[in-house]
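Below are the chains, spelled out letter by letter.
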Amino acid sequence: MTNGKIRNINHIIGEEGVKFICNEVIPSEWVVRTMTPDYGIDLDVELFDYEDGECVTLGEHIFFQVKATKNPRYGFYSTEFGKIRVIKYCMEVNLVERMGSAIPVLLTIVDMVNRKAFFVCINDYIRKILLIKNPQYKKQNRIIINIPVENILSSDSIENLKWYGKRAKIYSLFHEMLADINDFQNCTF
């Protein structure tokens, strides 16, 4: 009989995955905040850049949901353009859906054996794939997410992450433009 609390192997591997993202992917200038307690979002990453020699916040954030595994399920996914190689990940339906699409949530699978991380923007995946291919997906408890293995998350993909960081500002810009167009159309001269 064990004389103490048992630390689950999934928790250990999960923490290793988060450490991998923090230490191997995210630039040291960016601020990483771990979300505790964790309700689906593991990391809030705030982007910084240099201006006039000072490291300054950009006011941009990316959320990460990190899942680490020593046994990733590689496979293929058929598209209208052919088959693509993916990692298949089974997840609960209700984890990210309520956040909307303005702040990106990157579902990140860390293959701990090969020391590689793969990602998909789950907000986009819901809107552009699930709602089109499986509009009744909300009635399911779990779904399979297909993450292209070309979506490698590494220190070399930081420029891609920067675009995700700008997402809320871009959405705001379009919203303001539409409001301005509406105001202009309702003007009487």
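As a reminder, the structure under discussion sits directly above these lines.
Below or above, wherever it landed, is the structure these notes cover. Just so it is clear, the structure is predicted and the values come from calculations on it, not from any experiment.

**With respect to the nonpolar core**
Inference 1: Of all hydrophobic cores here, the largest spans 23 residues; its most connected members are Ile 21, Trp 30, Phe 64, Leu 153 and Leu 161.
Inference 2: For this core, the secondary-structure elements that each account for two or more residues are α1 (9-25), β2 (43-51), β3 (54-69), β6 (105-111), β7 (116-121) and α3 (158-165).
Inference 3: Counting residues per element, this core draws most heavily on α1, which supplies 5 residues.
Inference 4: In this structure Trp 30 touches Val 45, Glu 46, Leu 47, Phe 48, Ile 158, Leu 161 and Lys 162, once residues within four positions along its chain are discounted.
Inference 5: In terms of nonpolar packing, the next biggest core, distinct from the first, is built from 20 residues, Ile 122, Tyr 125, Leu 130 and Ile 147 among them.

**Remarks on the pattern of salt bridges**
Here the idea is simple: oppositely charged side chains can pair when their charged atoms come close.
Inference 1: Throughout the structure, instances matching the rule amount to 6 salt bridges.
Inference 2: With a closest N to O distance of 2.8 Å, Arg 33 and Glu 46 form a salt bridge. Of this pair, Arg 33 sits in strand β1 (residues 31-34) while Glu 46 sits in strand β2, and the two are 13 residues apart along the sequence.
Inference 3: Residue classification places Arg 33 among the partly exposed positions, given a relative accessible area of 36%.
Inference 4: The exposure class of Glu 46 is buried, given its relative accessible area of 10%.
Inference 5: With its nearest N and O atoms 3.1 Å apart, the salt bridge here joins Lys 169 to Glu 60. Of the two residues, Lys 169 is situated in helix α4 (residues 167-185) and Glu 60 in strand β3; the sequence distance between them amounts to 109 residues.

**Concerning a negative patch on the surface**
Inference 1: Together, Asp 49, Glu 51, Asp 52 and Glu 54 line one region of the surface with negative charge.
Inference 2: You can see Glu 51 is positioned in strand β2.

**Side note on the pairing of β6**
Inference 1: With 7 of 7 residues buried, β6 is to be regarded as a mostly interior element.
Inference 2: Of the two faces of β6, the one carrying Val 105, Leu 107, Ile 109 and Asp 111 and the one carrying Leu 106, Thr 108 and Val 110 are both buried.
Inference 3: Looking at chain direction, β3 and β6 are connected through 7 bridges and run parallel. Residue Lys 67 lies in a different strand from β6, and its bridge partner there is Ile 109.
Inference 4: Strand direction decides the pairing type here: β6 and β7, joined by 6 bridges, are antiparallel. Looking at β7, one finds that Leu 107 is bridged to Val 120.

Definitions and limits used
Residues numbered from 1 in each chain as written. Predicted model: local features only at pLDDT ≥ 70, side-chain atom pairs only at ≥ 80, totals over all residues. Heavy atoms only, no water. Core = buried A, V, L, I, M, F, W, Y, C linked by side-chain atoms within 4.5 Å. Buried < 20%, exposed > 50% of the residue type's maximum accessible area, 1.4 Å probe, protein only. Helix = DSSP H or I, 4+ residues; strand = E, 2+ residues; numbered from the N terminus. Contact = heavy atoms within 4.5 Å. Salt bridge = Lys/Arg side-chain N within 4 Å of Asp/Glu carboxyl O. Patch = residues over 30% accessible without salt bridge, like charges linked within 9 Å, V, L, I, M, F, W, Y side chains within 5 Å. Areas by Shrake-Rupley, 256 points an atom, 1.4 Å probe, with all protein chains shown as cover. Lys, Arg positive; Asp, Glu negative; His and termini not counted. Charge placed at Lys NZ, Arg CZ, Asp CG, Glu CD. Pairing = 2+ DSSP bridges.

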